[in-house]
Amino acid sequence: MDIHEYQAKEVLSNFGVEIPAGALAYSPEQAAYRAREMGGEKWIVKAQIHAGGRGKAGGVKLCADDQEIQAACEAMFGRKLVTHQTGPEGKGIYRVYVEAAVPIDREIYLGFVLDRTSQRIMIVASAEGGMEIEDISAEKPDSIVRSTVEPAVGLRDFQAREIAFKLGIEPGLTQSMVRTLQGCYRAFRDLDATMVEINPLVITGDNRVLALDAKMTFDGNALFRHPQISELRDKSQEDPRESRAADRGLSYVGLDGNIGCIVNGAGLAMATMDTIKLAGGEPANFLDIGGGATPERVAKAFRLVMSDKNVQAVLVNIFAGINRCDWVAEGVVQALKEVQVDVPVIVRLAGTNVEEGQKILAKSGLPIIRATTLMEAAERSVSAWKSDNSLNLKVISS
Ligand code: ADP
Ligand code: MG
């Protein structure tokens, strides 16, 4: 789960990371009022969306007075901001953060990620801040400092000092840098984050180490341990299909293709998507309905997949190990009676009680296209989508 910049800054500042003065606003008037309340001469108005790259897209504006703040806000509120991280549909701006403009001497990149190879939290930093990490690694790979943290002892002072040294931080600021690194590390570890990114972390003209931007992502499976973090969820920033799925306990990722997928098991769902592509189609989604595919769950899955207007065929691929094919088949039949599905439906069942499952599908009288192998299922889905979009015209295979 992602959170907003202003929220990540508040979280990190509770762990000792220094941030500039700032305040949240829900309207242009409130933004101007908040800036006046804060004092100072120049402010940065920042669109709060769950994506980076806002600066280049017009979502970060330097303002010198009330009028400029209001004008900057009016150009943001209610609009969709499209950055290279949002995709072409952009993300809606409903909150802005007004921050004191600070004099920047140096910009540093600082990231904390989970490194799967070493199974450790890894610190990634570069003296080339302000650029995206992908660009830094393409253009200035030698500037990147990587350091993994030994979980038994945590991030020790000497290790943090070594990173500061490699970034060329002057000795007088080493202690502030160490505090920043340790604050981020503790926030990451204690709150089950999967990513913390400060880009840029700056050295100011008056010699402070400040986080000017902040991004945090949390492990959705650990959110139950951190109700104060779960509360920060902002559904306006999520793909509506994905938030609906999350509310129903299904694991769904929306994609751009047009063959909807209903599969049990994440690995099988991935293989199904690959096979669809191999057969010349494009999956509309990843959906893992889990091991116990009850009729209710299958119906929920159909509703969810069909809510995507791009879906022109649905492929149900179930391998029943613990599950039973007859049970799943009943679920499919029930779902098709309850949910309006006006596109071809292709079902491939394998595993426990497969014969009974096939019988149920055949007896249902529903125009379900059946397949025995995964390849066959994918090919039939692709040809069903290409040849015709109407379920009613499909021939029922024996
Ligand atoms: P994004 O990464 O989404 O573009 P940032 O928060 O990193 O947004 O802001 C973009 C740039 O704007 C920063 O790299 C920095 O140069 C400048 N900036 C952001 N906040 C401030 C601030 N409080 N004072 C001065 N400059 C800022
Ligand atoms: Mg940034």
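You'll find the structure just up there.
Please read all numbers here as calculations on a predicted model, not as lab measurements. (Residues numbered from 1 in each chain as written. Chains lettered and ligands numbered in written order. Predicted model: local features only at pLDDT ≥ 70, side-chain atom pairs only at ≥ 80, totals over all residues. Heavy atoms only, no water.)

Trainee: Can you break down the nonpolar core residue by residue, with the values?
Mentor: Core analysis: the largest hydrophobic core is formed by 41 residues, its most contacted members being L12, L110, F112, L181 and M216. Looking at this core, the element that brings in the most residues is helix α6 (residues 174-190), giving 7 residues. Excluding residues that lie within four positions of it along the chain, L181 makes contacts with L110, F112, I123, L155, A160 and I163. If you look at the next biggest cluster of nonpolar residues, it comprises 35 residues, including I262, A320, V343 and L366. (Core = buried A, V, L, I, M, F, W, Y, C linked by side-chain atoms within 4.5 Å. Buried < 20%, exposed > 50% of the residue type's maximum accessible area, 1.4 Å probe, protein only. Helix = DSSP H or I, 4+ residues; strand = E, 2+ residues; numbered from the N terminus. Contact = heavy atoms within 4.5 Å.)

Trainee: Which residues make up the coordination of the magnesium ion (ligand 2), and what values do they have?
Mentor: Distances from the magnesium ion (ligand 2) to its protein donors, namely N199 (O) and D213 (OD), fall within the range 2.2 Å. Of this pair, N199 sits in strand β10 (residues 193-204) while D213 sits in the loop between β11 (209-211) and β12 (215-218), and the two are 14 residues apart along the sequence. Neither residue differs from the other here; N199 and D213 are each classed as buried. (Donors = N, O, S within 2.8 Å, 3.2 Å for Na, K, Ca; no water.)

Trainee: Describe unusual backbone geometry, naming the residues involved and giving the relevant values.
Mentor: Residue P200 is bonded to the preceding N199 through a cis peptide linkage, with omega at 10°. Residue position: P200 is located in strand β10. Not every positive phi belongs to a glycine, and Q119 is a case in point at roughly 55°. Structurally, Q119 can be placed in the loop between β7 (104-115) and β8 (120-126).

Trainee: Which residues make up the sheet that holds strand β1 (residues 22-25), and what values do they have?
Mentor: Working definition: the strands of a sheet are paired by backbone hydrogen bonds and lie parallel or antiparallel to each other. As summarised here, the arrangement of the 4 strands in space is β1-β6-β2-β3, forming an open sheet in which the pairing is antiparallel. Lying at the two open borders of the sheet, with one neighbouring strand each, are β1 and β3 (60-63). Between one strand and the next, the sheet's axes are offset by a mean angle of 20°, whatever the strand orientation. Summarising the sheet, β1 and strand β6 (residues 96-100) pair through 4 bridges and their orientation is antiparallel. Along β6, the bridge assignment pairs A25 with V96. Contacts from helix α3 (residues 66-74) reach β2 (43-47), β3 and β6 within the one sheet, and its direction differs from that of β3 by about 165°. (Pairing = 2+ DSSP bridges. Axes fitted to C-alpha atoms, helices over the stretch in contact; angles between N-to-C directions.)

Trainee: If you had to explain the site of ligand 1 to someone new, which residues and values would you point to?
Mentor: Every one of the 17 residues lining ligand 1 counts as a neighbour, but K46, R54, G55, E99 and E107 are closest to it. At 2.8 Å from a nitrogen atom of ligand 1 is found a side-chain nitrogen or oxygen belonging to E99. Within the backbone of A100, one N or O atom sits 3.1 Å away from a nitrogen atom of ligand 1. The fraction of the free accessible surface of ligand 1 (540 Å²) that becomes covered by protein chains is 83%. In a pocket analysis with a 2 Å cut-off to the grid points, ligand 1 is assigned to the second largest pocket. Elements with a contribution of two residues or more to the shell around ligand 1: β2, β6, β7 and β10. (Near = heavy atom within 4 Å. Polar contact = N/O pair within 3.5 Å; in protein donor to acceptor, adjacent residues only side chain to side chain. Areas by Shrake-Rupley, 256 points an atom, 1.4 Å probe, with all protein chains shown as cover. 1 Å grid on protein atoms, 1.4 Å probe; cavity = no way out; pocket = protein on both sides within 12 Å on 5 of 7 lines; lining within 4 Å. Sits in = over half its atoms within 2 Å of the grid points.)

Trainee: Give a description of the layout of surface pockets that names residues and reports values.
Mentor: Roughly 810 Å³ of volume is contained in the largest pocket. Taken together, 27 residues form the lining of the largest pocket, with E238, D239, E242, S243 and Y252 sitting closest to its centre. For the lining of the largest pocket, the secondary structure elements donating two or more residues are β5 (91-92), α8 (240-247) and β13 (251-254). When residues in the lining of the largest pocket are grouped by element, the largest group, 4 residues, is from α8. Residues of the lining of the largest pocket, tallied by class, amount to 7 nonpolar, 11 polar and 9 charged. Space inside the second largest pocket adds up to approximately 580 Å³. Listed by contribution, the elements that provide at least two residues to the lining of the second largest pocket are β2, β6, β7 and β10. (Points joined across faces, edges and corners; volume = space filled by probe spheres on them. Nonpolar A, V, L, I, M, F, W, Y, C, P; charged D, E, K, R; others polar.)

Trainee: Quick rundown of helix α10 (residues 295-306)? Include the residues and the values.
Mentor: Here α10 contains 12 residues, and its C-alpha end-to-end distance of 16 Å stays within 8% of the 16 Å for a straight helix at 1.5 Å per residue. Buried within α10 we find P295, V298, A299, A301, F302, L304, V305 and M306. (Expected span 1.5 Å × (residues − 1).)

Trainee: Talk me through α8; I want residue IDs and the actual numbers.
Mentor: Turning to α8, its buried residues number three or more, namely R241, S243 and A245. Two to three positions downstream of the cap, the backbone nitrogen of R241 sits 2.9 Å from a side-chain oxygen, assigning the N-cap of α8 to D239. Remark: G249 follows α8 within two positions and exhibits a positive phi of approximately 75°.

Trainee: Could you give me a rundown of the pairing of strand β14 (residues 259-263), with the residues and numbers involved?
Mentor: Buried residues dominate β14, accounting for 5 of its 5 residues. Across the two faces of β14 the burial is the same, with I259, C261 and V263 and G260 and I262 all buried. Bridge count between β14 and strand β16 (residues 313-320): 5 bridges; the pairing is parallel. Bridging across to β16, G260 finds its partner in V314.

By themselves these figures say nothing about function.
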